[in-house]
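# What the coordinates show
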Amino acid sequence: MIKFNGVNKSFGGLKAIKNLSFEAKPNQITAIIGPNGAGKTTVFNLLTGVLKTDTGSINFYNKEISKQKTFNIAKLGITRTFQNLQIFSNMTVLENIMVGMHLECRSNIFQSLFLIDSYEEKRVRKKSSELLEILNLEKYAHTNCSDLPFGIQRQIEIIRGIASKPKLILLDEPAAGLNPTETEELGDKIKKILSLGISIILIEHDMNLVMRISDNIIVLNFGEKIAEGTPEQIQKNPEVIKAYLGE
Amino acid sequence: MIKKILNNKIIKIISLLLLVAILPLIFKSSMNLRILIEIGIFSIIVLGLNLLMGLAGQISLGHAGFFGLSAYITALLSAGRLPINLPIYISIPIAIILTTFTAYLIAFPILKLKGHYLAMGTLSIGIILYTLFVNFPHGGGFDGFSGVPRLWLFGEYFTNKILGINKYINGYIIVYGILLILFWFSKNIVNSKTGRAFKAIHTSEIAASSLGIDVTKYKVIVFTISGFYAAIAGVLFSHFYCGVTPNDFGILKSITIVTMVVIGGSSSISGAVLGTSFLILITYILEYFQDFLHRVGISISLMDFNIFVYGFIFLIVLLFLPQGLIGLKNRFFKWSKRDDKI
């Protein structure tokens, strides 16, 4: 599904990603882990077109995407959440989900001006409500996002992502700031997303969560891939232990 | 209970139409009608700027430039100052189309800027257009020119002589008719896919684009729409006041328009009209007070303090009413809810 081929990315003199190659398979949860500053979020930024690669290529279902713009990559079926929450705090929960359905909504501005879009608006509103119901968050539908607890906001960001019907969702530290119970629930919800046919790439520091839900793990350190394998393989890998615990 | 009644859509529409119909019956004098027309014209441009600033989070400190461009184009084309002299029914659409197209072209480079840079960039556009108004060979320099034909509802003869509608009522009907339509358009945009895209861009451009929103396209759309609103306000200004001067479209005017947006409440369409009414009325109250002082023997030019008063009100609103005057409505509802509980 996703193929990184010898990707390099530098910021001035700092090499953030060094000759990175890996493949993420469809219908799997692939986790990217590594110490702070390892280049994990840079991988997401390269995948979503926020940053452009210096060299190397990124393929999504055999289509080169490394030079594409972010919104075009979203159209191809890749969406993401952010390490620093990027919820639309000036909107209600339902409106946030409706923004997630932007690509599915077929109305245009001229139809909106004369209210010819009301049927389409109702359809999108209904589908967004249904999505909230599936994830038991319908009671927050008309609440302003800024009035919600952090944990709920995190979930709304994820639902907003899946509302765009992606083939792949990138989750950047979804458990950050959550308590153990919320993290446990999050794990279940991530599995539920996978069951909807959406592949997942996950960046996470909570190793319990990563080991519990991931099918494949890629370990980065100083922009380089130092290990790749199943959770069991990664837990025993001496390179990984060294990167996390030191010599 | 009060909130439920006030939030009923049909009641809202009927109240608004009744208000527009009743206002000229209450404020019959030509002076009052002039003020109402001025409020209407400026509400149109503020509505457009409200979409740009309040909804999409982009600032423009040069919007009076588009307002003036449209006013000058229709004035020049219809007042016989150019080799060609067009009837206003042709000059008005030309002015609106050219101004909107100019806003569209300017939007591409200018909206690559953000924050303070965008403010400075749009300010520069305003200055460039102002310089154009002053130096255009047929534009009359700093004095501008008059002799621009008036816009009549059904032509001067039929409207004035047959229907007996005077120029103020005629102006009121045209301006408020257009204002109501544009107000409706704004409301429709806010509650649409496009409106949600604008709001998303306001909060986080990166999150918006990761959901498939073409940020550049939507920024250009909202800038062009606000240019279109300014263009309509410009032609109405030109054909109601029957003349144009560069000072009507200078930097000070741009800042005044931004102040109107902020004072009314940049996140509300109704706030745009409220802010405009408030600031224009303040100007006339100052003028009235100045005349009163003059009559009692105190000669002071309060109009020189106009900007000081604007600045003071601006500061008060920013400090105590960050949601603008429209925010008072929410406070009232909170207060009435508390009262209900008691």
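Owing to the predicted nature of the structure, the values given are computational and were not obtained by experimental measurement. (Residues numbered from 1 in each chain as written. Chains lettered and ligands numbered in written order. Predicted model: local features only at pLDDT ≥ 70, side-chain atom pairs only at ≥ 80, totals over all residues.)

### Topic: the confidence of the model for chain B
Residues and elements named next belong to chain B.
- Looking at chain B as a whole, the pLDDT averages 90, with 95% of positions reaching at least 70.
- By mean pLDDT, helix α15 (residues 327–341) is the weakest element of chain B at 65, and helix α11 (residues 215–241) is the strongest at 97.
- Scored as a complex, the prediction yields pTM 0.91 and ipTM 0.91. (pLDDT = per-residue confidence, 0-100. Helix = DSSP H or I, 4+ residues; strand = E, 2+ residues; numbered from the N terminus.)

### Quick notes on the packing of helix α5 (residues 88–110) of chain B against α11 of chain B
All names here are of chain B.
- Between α5 and α11, whose axes approach to 8 Å, the crossing angle comes to 150 degrees. The orientation of α5 with respect to α11, classified from their angle, is roughly antiparallel. Of the two possible hands of crossing, α5 and α11 adopt the one that is right-handed. Of the residues in α11, those in contact with Ile88, Ile92, Ala95, Ile96, Thr99, Thr100, Ala103, Tyr104, Ala107 and Phe108 of α5 are Lys219, Val220, Phe223, Thr224, Gly227, Phe228, Ala230, Ala231, Ile232, Gly234, Val235 and His239. (Axes fitted to C-alpha atoms, helices over the stretch in contact; angles between N-to-C directions. Parallel < 35°, antiparallel > 145°, perpendicular 65-115°, else oblique. Left-handed = near helix turned anticlockwise from the far one by under 90°. Contact = placed C-beta atoms within 7 Å.)

### Brief notes about the interface of chain B and chain A
- With 22 residues of chain B at the interface, the matching set in chain A holds 29 residues.
- Residue assignment for the side of chain B that touches chain A shows that the elements contributing at least two residues are α8 (167–190), α9 (193–203) and α10 (205–210) of chain B.
- Looking at which element gives the most residues to the side of chain B that touches chain A, the answer is α9 of chain B, with eight residues.
- Among the residues forming the side of chain B that touches chain A, the class breakdown is nine nonpolar, nine polar and four charged. (Nonpolar A, V, L, I, M, F, W, Y, C, P; charged D, E, K, R; others polar.)

### Some details on the nonpolar core
- Core analysis: the biggest nonpolar cluster contains 159 residues, and Ile45, Tyr229 and Ala233 of chain B have the highest contact counts within it.
- Ignoring anything within four residues of it in the chain, the contact list for Ala233 of chain B reads Ile41, Phe42, Ile44, Ile45 and Phe67 of chain B. (Core = buried A, V, L, I, M, F, W, Y, C linked by C-beta atoms within 7 Å. Buried ≥ 20, exposed ≤ 12 C-beta atoms within 10 Å, placed from the backbone.)

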